[in-house]
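# A closer look at the structure
The chain contents come next:
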Amino acid sequence: MTGAEFPEPPEEFLKYPEGTVIALMTDGEGVSAAMDDLTNAGFPRDEMYVLVGSSGAERLDVTGQHHGLRGRIYRFLGRIGDDREELLEAASHLRAGGLALRVPVSEDAKAVAARILKEHGAVHMAFKGKWTYESLDP
């Protein structure tokens with residue numbers, strides 16, 4: 001599968017708000033199947049998106065340099081928490097040819113999302129809470 005077959009992220013600078021799971025995956029078919037199962041479980045498909053490969057890593061813009069002063073300040077402030085490590089891991093995974101799926105979830109539903117994503121081959125998952133990232137890996 002190519003990136004063109006997946007929902008693309010919004011055009012603006014990518015920030016991960018509270019209530020987001022990011023799953024790093026290696027197989028496009030697994031991503032598609034996970035999205036189907038997540039949708040069937042009640043997660044909003046129209047708010048999911050996928051970053052693919054090196055173009056996805058560039059789009060992630062870990063330094064914020066491609067999004068002006070506001071992007072650089074946002075990424076700089078992210079260094080205070082766990083955001084930076086998660087972003088670096090995601091960018092490295094994407095540059096190696098991987099995929100990253102973003103799923104909006106509530107605190108109560110994160111375990112359900114993690115189970116579905118793991119069933120479809122997620123190699124790393126993190127939940128973005130109010131102030132930090134929480135690993136959802138087994």
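Right above here is the structure, for reference.
Residues numbered from 1 in each chain as written. Predicted model: local features only at pLDDT ≥ 70, side-chain atom pairs only at ≥ 80, totals over all residues. Heavy atoms only, no water.

## Some details on the sheet that holds strand β3 (residues 99-104)
Either a parallel or an antiparallel arrangement is found when strands of a sheet pair, and the pairing is made through backbone hydrogen bonds. The condition that has to hold: Note: two strands are recorded as paired if DSSP finds a minimum of 2 bridges between them. Secondary structure is summarised from DSSP: a helix means a run of H or I of at least four residues, a strand means a run of E of at least two, and numbering begins at the N terminus for each. Geometry is summarised by axes, namely lines fitted to C-alpha atoms with helices restricted to the contacting stretch, and by angles between N-to-C directions that run from 0 to 180 degrees. It only takes one pair of heavy atoms within 4.5 Å for two residues to be counted as in contact.
Strand order across the open sheet formed by five strands is β2-β3-β1-β4-β5, with antiparallel pairing between neighbours. The open sheet has two edge strands with one neighbour each: β2 (49-52) and β5 (133-135). Sheet twist, expressed as the average angle between the axes of neighbouring strands with direction ignored, equals 20°. Relative to β3, strand β1 (residues 20-25) is paired through six bridges, and the arrangement is antiparallel. Residue Leu24 lies in a different strand from β3, and its bridge partner there is Ala100. Against the sheet, helix α5 (residues 110-119) engages β1, β3, β4 (124-128) and β5, with an angle of about 160° to β4.

## Section: the nonpolar core
Nonpolar side chains in soluble globular proteins generally cluster together in the buried interior. The cut-off we apply is this: Here, nonpolar core refers to any group of buried Ala, Val, Leu, Ile, Met, Phe, Trp, Tyr and Cys residues whose side-chain atoms link them within 4.5 Å. Summary of the burial criterion: residues with accessible area below 20% of their type's maximum are buried, those above 50% are exposed, and those between are partly exposed, where the area comes from a 1.4 Å probe applied to protein chains only.
Membership of the largest hydrophobic core comes to 24 residues, with the highest contact counts inside it found for Met25, Leu38, Phe43, Leu101 and Leu117. Of all the secondary-structure elements, those providing two or more residues to this core are β1, α1 (28-40), β3, α5 and β4. Excluding residues within four positions of it along the chain, Leu101 makes contact with Val21, Ile22, Ala23, Met25, Met35, Leu38, Met48, Tyr49, Val50 and Leu117. Within the second largest apolar cluster, eleven residues are counted, among which are Ile22, Ala91, Leu94 and Ala100.

Purely geometric stuff here, so don't read any function into it on its own.
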